[in-house]
Protein chains: 6
Amino acid sequence: MKKCETKKDDQLRPVSFQTGIQEYPDGSVLAVMGMTRIICSVFIQEGVPKWLPDESGGWATCEYDMLPGSTTQRNIRDSSRGRVNARSADIKRLIGRAMRSVLDLKKIPGKTIWIDCDVLQADGGTRTASINGAYVALKRAIKKLLSEKKLKSDPVTDSLAAVSVGIIDGKIVMDLDYEQDSRAEADMNIVMTGSGRFVEVQATGEKRPFTKDEFLQAIEMAGKGISQIIKKQEEVIHESSPGHVKQK
Amino acid sequence: MKKCETKKDDQLRPVSFQTGIQEYPDGSVLAVMGMTRIICSVFIQEGVPKWLPDESGGWATCEYDMLPGSTTQRNIRDSSRGRVNARSADIKRLIGRAMRSVLDLKKIPGKTIWIDCDVLQADGGTRTASINGAYVALKRAIKKLLSEKKLKSDPVTDSLAAVSVGIIDGKIVMDLDYEQDSRAEADMNIVMTGSGRFVEVQATGEKRPFTKDEFLQAIEMAGKGISQIIKKQEEVIHESSPGHVKQK
Amino acid sequence: MKKCETKKDDQLRPVSFQTGIQEYPDGSVLAVMGMTRIICSVFIQEGVPKWLPDESGGWATCEYDMLPGSTTQRNIRDSSRGRVNARSADIKRLIGRAMRSVLDLKKIPGKTIWIDCDVLQADGGTRTASINGAYVALKRAIKKLLSEKKLKSDPVTDSLAAVSVGIIDGKIVMDLDYEQDSRAEADMNIVMTGSGRFVEVQATGEKRPFTKDEFLQAIEMAGKGISQIIKKQEEVIHESSPGHVKQK
Amino acid sequence: MKKCETKKDDQLRPVSFQTGIQEYPDGSVLAVMGMTRIICSVFIQEGVPKWLPDESGGWATCEYDMLPGSTTQRNIRDSSRGRVNARSADIKRLIGRAMRSVLDLKKIPGKTIWIDCDVLQADGGTRTASINGAYVALKRAIKKLLSEKKLKSDPVTDSLAAVSVGIIDGKIVMDLDYEQDSRAEADMNIVMTGSGRFVEVQATGEKRPFTKDEFLQAIEMAGKGISQIIKKQEEVIHESSPGHVKQK
Amino acid sequence: MKKCETKKDDQLRPVSFQTGIQEYPDGSVLAVMGMTRIICSVFIQEGVPKWLPDESGGWATCEYDMLPGSTTQRNIRDSSRGRVNARSADIKRLIGRAMRSVLDLKKIPGKTIWIDCDVLQADGGTRTASINGAYVALKRAIKKLLSEKKLKSDPVTDSLAAVSVGIIDGKIVMDLDYEQDSRAEADMNIVMTGSGRFVEVQATGEKRPFTKDEFLQAIEMAGKGISQIIKKQEEVIHESSPGHVKQK
Amino acid sequence: MKKCETKKDDQLRPVSFQTGIQEYPDGSVLAVMGMTRIICSVFIQEGVPKWLPDESGGWATCEYDMLPGSTTQRNIRDSSRGRVNARSADIKRLIGRAMRSVLDLKKIPGKTIWIDCDVLQADGGTRTASINGAYVALKRAIKKLLSEKKLKSDPVTDSLAAVSVGIIDGKIVMDLDYEQDSRAEADMNIVMTGSGRFVEVQATGEKRPFTKDEFLQAIEMAGKGISQIIKKQEEVIHESSPGHVKQK
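Keep in mind that what you see is a predicted model, and the values were worked out from it rather than measured.

Asker: Would you mind showing me how to read the relation of the copies chain B and chain A here?
Answerer: The operation linking the two copies of the chain is a rotation about an axis combined with a translation along the axis. Structural alignment of chain B on chain A gives an RMSD of 0.0 Å, achieved by rotating through 180° and translating 0.0 Å along the axis. Put plainly, the chains are arranged around a two-fold axis. Minimal C-alpha distance to the rotation axis in chain B is attained by Ser79 of chain B, lying at 2.8 Å. Residue by residue, 100% of the interface of chain B is reproduced at the interface of chain A, so both copies engage with the same surface.

Structural data, given as structure tokens:
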């Protein structure tokens, strides 16, 4: 497996979103960032969790998992392992929070939005790619329900995207692949809205603490990458055809 | 979602196998039967289960799961449900037995073949489509290891395929889709080798017991379908290119 | 432990059913096939599972387990092992399906039939002996409820029995004991009704695939064995005394 | 179900031990106290738990469970319930401690004695009946291993039996059945050796605290009952025939 | 760590109860017996378990656990171990039964009393110290609810305390510390009411069976110790100040 | 429960560390921030996880839990709930990463540092208070092992502290209590070293995305608070007395 060309430190890997890869969900997208590929599906179903206060309207939740063939060594399933994978639980909560930050849940009373992100292939940045794909699948699903008159108005309040930034050999690098991620001194995941505000910043000094300067530079770079991703998302969201896979 | 054309009762739905949909497994295939689509991946790894007797050589095992977006109503994950899904456990054991029936495990001493079947889209016959795809992914993986001199000889002793047959309104019908399956009076899954022998027959009178005549007719029809599937498999197995997905 | 006499290949081992081995269940039977002995108990209780559609009437379900002293090496309990035993789950589903195939559940509205099969001693064929005993316990329980006017009519639509058939050294052999079962080339479990129709056929080529000819011969032999078992069952079901164990 | 005759308060219910009810365990006994019946089996196997200090010699452990048909309302299995039954865990520890109190584990180096008590029918006093039956099965198993020269000397240091005593309407009553047990004001389980010493006393004021006088009277009565049980046990232990169930 | 002075065999270790160590529970106490220290908290909440019969009034239940730093070797948490700790389950049931024995549950209709005992430091006798502390926390909580008019009358029917007694080198010793407990020949836990009646007696011949004489002596000694503990409890229960920890 | 005085937005709540609250751990501290109180204990034990590469030296890991009495409504235990608490898993990973960031694990070859944080009382900021207390307990434990010559040199490379910052009504507020936390628009946890570098930044726009300006202000304020906490920690770490609790 060869990587065709080396990207620059402040560039994104090739990004794309392929809609309609599954027939049954309300929205479905294959999100691609470099060699990382995520199957994102969205169902909007009747019913809300019991604990949700009545005045909340609806709910949105996310799950994240990795297919066994997504990693260089076979990824062992949670169900086989017999215990919850803390990393997955962490990521699913991050994605859920991010999606809810751009949703006005009062506009989907009595409904739950189920967002599933399953990693088909993992080459770094699966959590940010998941957020990017989930947003597209969400918007496609909303569009479908609006056209079917099952929703009165769009509950999505802003666009949303995420990118990773790391420090490698003292340099700030955006959208790390797996090899880069594993030798990064510090690792950040940044989620922002289309209006340039922060939804989530998670920054960890994996190998060494990082300085304020490094941090500010990373945030700056992330902002630029996120703008580019949002542009890509918009293109796909507004495609007129439903994008459903044809029978072969 | 429309189904393009109605197939005849004794015909298969359109069958295809797309190799190389994942980069990391030794073999990887998207198996398609009608609208049913299965991600099959095979890793051949060092190490065998502790309980395996020394004289056994190696081992082969299978896991099966369904993606949340694979079904018309979102499929709840095993890990969320907090308990083992008996249906999945059943199917993974069927696939494992089928694959081992055409493997000479003495030829892979100290190695385990991990076969994973994950349903991307379910429209009936996921267990038979899984077997069909798993066989192709297995052969591709073996081919890779033989070319890398990691195996001395091919442990696969025969070709292998499976098909479902059901009784609907008293008529024998092959390769049922979900809608047919749910109203079938009886339901059979038949696994055969390229040499025309039976590896597994599972026949259940879901809605009524079935007669010997009906049973014999079903077995006859299955034999024909399996021959056609095996022909399709052979074409893909012998493709020269590795079929890896390109960077976009 | 010696086995008194060798049975012929197309014969059943000695079969018997001892009723009333427990006081509290509505029906209770010790089913004996050779040295295999199963405690079968049936309770018919008010209430149905939540997921059951209203129009279904009632429900019937089965559980299967093995006592620690039932096997030559002590059988480890599921609860000690800390995980579900896939083999038991498989068998309990088979028995449940078989029993429901001869039950008109509309005739037991709002009730659940609980069928428990616990292996006291395992010497091959525990799943078929369980079905045979469960059927007797079921009929005894129904008879009791009919006589107590708790049921209006008999929901059982046909008689039911099961037998195993295997291929050993190329010969078809019926009702295998453990030693035979472990060296059988192929192994089949066949469930039929009193009217000669098939409820379930499970055939696996454990050591080699089997031919159509072998399969047809096996089915033929199973039909004869099942007729003999059904005759034995009928005798016990119609015994006038409740068969309860006396105080000692 | 009728109880034939009323026993006096200071009497035991009818007690018996039927050996050889299972073929495979080293010792197996059906222990009967009134309508309570327990299947007790003992395996003596090579191997000891990892945590056992080297100087300890061997180990003995017990498990206890109830069959679904053992109770008036169907008893739900631990494995179905999905969680450990605290009552069973409690009882298995009591039986284990009691058995180890009369075992010199240094005489079974490297071996584990597995004692299983499974309730076939529960009518009060299942934990004391289990101890009584387990002791008989243990002695039968030891006798077998001694005769096979697999043990050099008998590790059992004393005889052992147990009985329950309760306070009902202010009167001390021995060996309560289920109906008595459920209305007892206080409930005691007493385990003693043949030499008249106490191995375990568990006394609980279920409905009211009890006085010292009541307590002393109960202990006195238990001593008498235990002597009678030990006499019964001795008869069965020294039966010459192995008592194995014959083929029917 | 030195133990200041050696106590006599028939003496208690220093006993004390410090109230108000937590702000939120209705009652909270740090119970100290020698170097053993237990955090006891009581919440009285609306709601009762589903299985509780309507006529029962309310319910009281207890949980017991040990902090990782409470033992000389770090105590592994149940949640990390992935399975239930049988010893803790045993103890929580003992404490629950003891507390309910002095509660008239009809006086707390529709309410559940949650009693939690968490071992801060374990030096023997944690179960008896837990009972002693739980009683104080319970009375403080009841007092608070009475003063807030949330209860009409005090449901506590008697005072309650517990102490351990053991046999060491043939001598009867009260209130064992860990070192003594681990070499005791026999070990007893005795729970009594203020009126001198027994609520629970648990006596085990850990290393050898014990005689009736030894047992009677132990019971005598326990009675004296329990009277002293009850005196200490009463002092603290009637302290006027709520004893809440001040801000630092 | 009254809060004595209102603190200013850019101030910490009263901070203190009480050492020696448990006898057995190598280091033990009660960390107090306002009304939040955490029991922190550290054991340094022989042995490392199996998966740790040989060249890594030693390991450090953390666990976090909340006592049932720590919250206004009783906190249900993980072990009772029967499933892992995702929030706790999240926090324990954060604390573990933070501690390892100031540890040179090569200096503790073959050893594991076990850090336990148990919340005695929760009033906001339990994860940051845990980090602050864990650091003190760690340093105390290291000091003890150095003085006992069990360690050759101090593996701690820098001092470490953490603080929360939130946005309430558009204002930046440090060290939030529970009431403030629950109405904060955005919530940040910041971990820094004594040398002023970042170990971890976790910032979430709970109720609305936040601006870059708000973010920078929050980071600035956190830096000041962390300096103050580190000063407090240093005082306690260098106390000469071991600080063990005396017998009462």
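Asker: Whenever I open this one, the packing of aromatic side chains confuses me. Can you help?
Answerer: Aromatic ring pairs: the centre-centre distance and the angle between the two ring planes describe each pair. Counted under the stated rule, the structure contains 27 aromatic pairs over all chains. With a centroid separation of 5.6 Å and an interplanar angle of 75°, the aromatic rings of Phe215 of chain D and Phe215 of chain E are classed as edge-to-face. Here Phe215 of chain E lies in helix α5 (residues 212-237) and Phe215 of chain D lies in helix α5 (residues 212-237), a pairing that spans two chains. Here the two residues Phe215 of chain D and Phe215 of chain E agree in accessibility, since each one is buried.

Asker: Help me understand the interface of chain E and chain F in this model?
Answerer: Frequently, the measure chosen for interface size is the accessible area removed from exposure when the parts meet. The interface is formed by 42 residues belonging to chain E together with 42 residues belonging to chain F. Overall, the association of chain E and chain F removes approximately 3800 Å² of surface from exposure, summing both partners, and the carbon and sulfur fraction of that is 52%. The interface formed by chain E and chain F holds twelve salt bridges in total. Put simply, Arg77 of chain F and Glu63 of chain E hold a salt bridge, and the shortest N to O gap is 2.8 Å. For the pair chain E and chain F, the number of links is 18 residue pairs in polar contact (both at pLDDT 80 or more). Breaking the side of chain E that touches chain F down by element, the ones donating at least two residues are β3 (36-46), β4 (59-66), α1 (78-81) and β5 (111-121) of chain E. Sort the elements by how many residues they give to the side of chain E that touches chain F and β5 of chain E lands first, with six residues.

Asker: Please clarify how the environment of Asp123 of chain C should be interpreted in this entry.
Answerer: The residue Asp123 of chain C is located in the loop between β5 (111-121) and α3 (126-147) in this model. Judged by relative accessible area, which is 4%, Asp123 of chain C ranks as buried.

Asker: Honestly, the pattern of salt bridges in this entry has me stumped. Any pointers?
Answerer: Pairs may arise between side chains of opposite charge once their charged atoms sit close together. Taken as a whole, this structure holds 126 salt bridges over all chains when the rule is applied. Among the ionic pairs, Glu46 of chain A bridges to Lys111 of chain A, the shortest N-O distance being 3.1 Å. With a gap of 65 residues between them, Glu46 of chain A in strand β3 (residues 36-46) and Lys111 of chain A in strand β5 (residues 111-121) connect regions that are remote in the sequence. Where Asp9 of chain D meets Lys171 of chain D, a salt bridge forms, and the shortest distance between an N and an O atom there is 3.8 Å. Separated by 162 residues along the polypeptide, Asp9 of chain D in the segment before β1 (15-19) and Lys171 of chain D in strand β7 (residues 171-174) bring together distant segments of the chain. On the accessibility criterion, Asp9 of chain D (29% relative accessible area) is partly exposed. Each member of the salt-bridge network shares a partner with another, and the members are Glu63, Asp65, Asp116 and Asp118 of chain A together with Arg74 and Arg77 of chain B.

The rules behind the values
- Residues numbered from 1 in each chain as written.
- Chains lettered and ligands numbered in written order.
- Predicted model: local features only at pLDDT ≥ 70, side-chain atom pairs only at ≥ 80, totals over all residues.
- Heavy atoms only, no water.
- Least-squares fit on C-alpha atoms with pLDDT ≥ 70 in both.
- Contact = heavy atoms within 4.5 Å.
- Phe/Tyr/Trp six-rings, centres within 6.5 Å; stacked < 30°, edge-to-face > 60°.
- Helix = DSSP H or I, 4+ residues; strand = E, 2+ residues; numbered from the N terminus.
- Buried < 20%, exposed > 50% of the residue type's maximum accessible area, 1.4 Å probe, protein only.
- Buried area = accessible area lost by both parts, 1.4 Å probe.
- Salt bridge = Lys/Arg side-chain N within 4 Å of Asp/Glu carboxyl O.
- Polar contact = N/O pair within 3.5 Å; in protein donor to acceptor, adjacent residues only side chain to side chain.

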